[in-house]
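# Structure at a glance
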Amino acid sequence: MQAKEIVASYFDALAKGDTEKVLSYFTPETKWSQPGDNKFSGLKNGPDEIFQMIGGMMSDTSGTMAVRINGSLMESGSLVAVPVWFTGNKETKNIDMGGIDLFELKDGKIVHIWTFSDDQDDENEFWGK
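Treat the numbers as computed from the prediction; the structure is a model and nothing was measured.

Another point: the overall build of the chain. Looking only at helices and strands, one finds four helices and seven strands in the chain. Secondary structure elements of the chain, listed N to C terminal, follow the sequence α-α-β-β-α-β-β-β-β-β-α. Relative to a compact globule of 129 residues, whose C-alpha radius of gyration would be 14 Å, the chain shows 14 Å and is just as compact. The C-alpha extent of the chain, read off along each of the three principal axes, is 45 × 30 × 25 Å. Put simply, the chain has 129 residues, and 41% of those count as buried. A separation of at least 24 residues holds for 45% of the contacts in the chain among residues at least 6 apart in sequence. In the chain, which carries 12 positive and 21 negative side-chain charges, the distance between the mean positions of the two groups comes to 3 Å.

Here's what the structure looks like:
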């Protein structure tokens, strides 16, 4: 399977809420770099910290947080760039914006994810401290 096929399968499993399948794409050392200045920002080390962050986002949005592929996946060697659209609601706030997720793969596994938002200030405001 090519790198972009692996990432597409990861997004499919994520959309279905198939945690076991999502975890199968990570290594114990997988890292996730979440940008910004909010309560979820920073480097997450390993699947436990990554899923703690994702679980926190789902909890904050009462399960409304969703991320979907919003264009063609672009592959360059071990890197895959994915245009995404993410939405979620909490209390009186909502988020509805695009971004780019960048994946680095090694030996068929995701080893690092970087996320970028169209408007980091709005995302920071949405998540809060």
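Before going further, it helps to spend a moment on the pairing of strand 1 (residues 26–34). Pairing analysis gives four bridges linking strand 1 to strand 7 (residues 109–117), with the strands arranged parallel. Following the sheet pairing, Lys-31 is matched in strand 7 by His-112. As paired elements, strand 1 and strand 2 (residues 42–45) share four bridges and run antiparallel to each other. Paired with Lys-31 across the strands is Asn-45, a residue of strand 2.

For the structure on display, the rule yields five salt bridges. In this structure, Lys-16 engages Asp-12 in a salt bridge whose closest nitrogen and oxygen atoms are separated by 3.1 Å. In this pair, Lys-16 and Asp-12 are both assigned in helix 1 (residues 3–16), four residues apart and thus about one turn of the helix distant. Its relative accessible area of 62% is what places Lys-16 among the exposed residues. The shortest N-O distance in the salt bridge between Lys-129 and Asp-37 comes to 2.4 Å.

UniProt marks residues 7–112 with the feature "domain: SnoaL-like" (unreviewed entry), using the numbering shown here. In the segment residues 7–112, helix accounts for 29% and strand for 47%; the C-alpha atoms at its two ends are 12 Å apart.

Attention shifts here to the packing of aromatic side chains. A complete count under the given rule lists seven aromatic pairs for this structure. Ring geometry for Tyr-10 and Phe-103: centres 5.5 Å apart, planes at 65°, overall edge-to-face. Residue Tyr-10 is located in helix 1, and its partner Phe-103 is located in strand 6 (residues 93–106); the two are separated by 93 residues in the primary sequence. The class for Tyr-10 is buried, based on a relative accessible area of 2%. A relative accessible area of 0% means that Phe-103 is categorised as buried. Cluster of aromatic residues (ring-pair linked, three or more members): Tyr-10, Phe-11, Phe-26, Phe-51 and Phe-103. Here the guanidinium or amino end of Lys-90 rests over the ring plane of Phe-126, the centre of that ring lying 5.5 Å away.

Conventions used here
- Counting starts from 1 at the beginning of each chain's written sequence and moves along it residue by residue.
- In view of the model being predicted, local features appear only for residues whose pLDDT reaches at least 70, and side-chain atom pairs are presented and counted only at 80 or more, with totals across whole chains, interfaces and linings using the full set of residues.
- The basis for the side-chain values is all heavy atoms of the structure; hydrogens and waters are excluded.
- Counting from the N terminus, the helices are DSSP H or I runs at least four residues long and the strands are E runs at least two residues long.
- Every radius of gyration here is taken over C-alpha atoms, with the globule rule written as 2.2 Å times N^0.38, N being the number of residues.
- Summary of the burial criterion: residues with accessible area below 20% of their type's maximum are buried, those above 50% are exposed, and those between are partly exposed, where the area comes from a 1.4 Å probe applied to protein chains only.
- What makes two residues a contact is simply this: any of their non-hydrogen atoms within 4.5 Å.
- His residues and chain termini do not enter the charge count, which takes Lys and Arg as positive and Asp and Glu as negative.
- By convention, the charge on Lys lies at NZ, on Arg at CZ, on Asp at CG and on Glu at CD.
- Strands are treated as partners if at least two bridges between them are detected by DSSP.
- Note on definitions: salt bridges are taken to be side-chain nitrogens of Lys or Arg within 4 Å of carboxyl oxygens of Asp or Glu.
- UniProt positions are given in the numbering used here, feature names are shortened, and annotations may be inferred rather than shown by experiment.
- In summary, the pairing rule links any two rings of Phe, Tyr or Trp, Trp by its six-membered ring, whose centres are within 6.5 Å, and it sorts them by plane angle into stacked for under 30 degrees, edge-to-face for over 60 and tilted for everything else.
- Each ring is checked for a lysine NZ or an arginine CZ that lies within 6 Å of its centre and within 35 degrees of its normal; such an atom marks a charge sitting over the ring.

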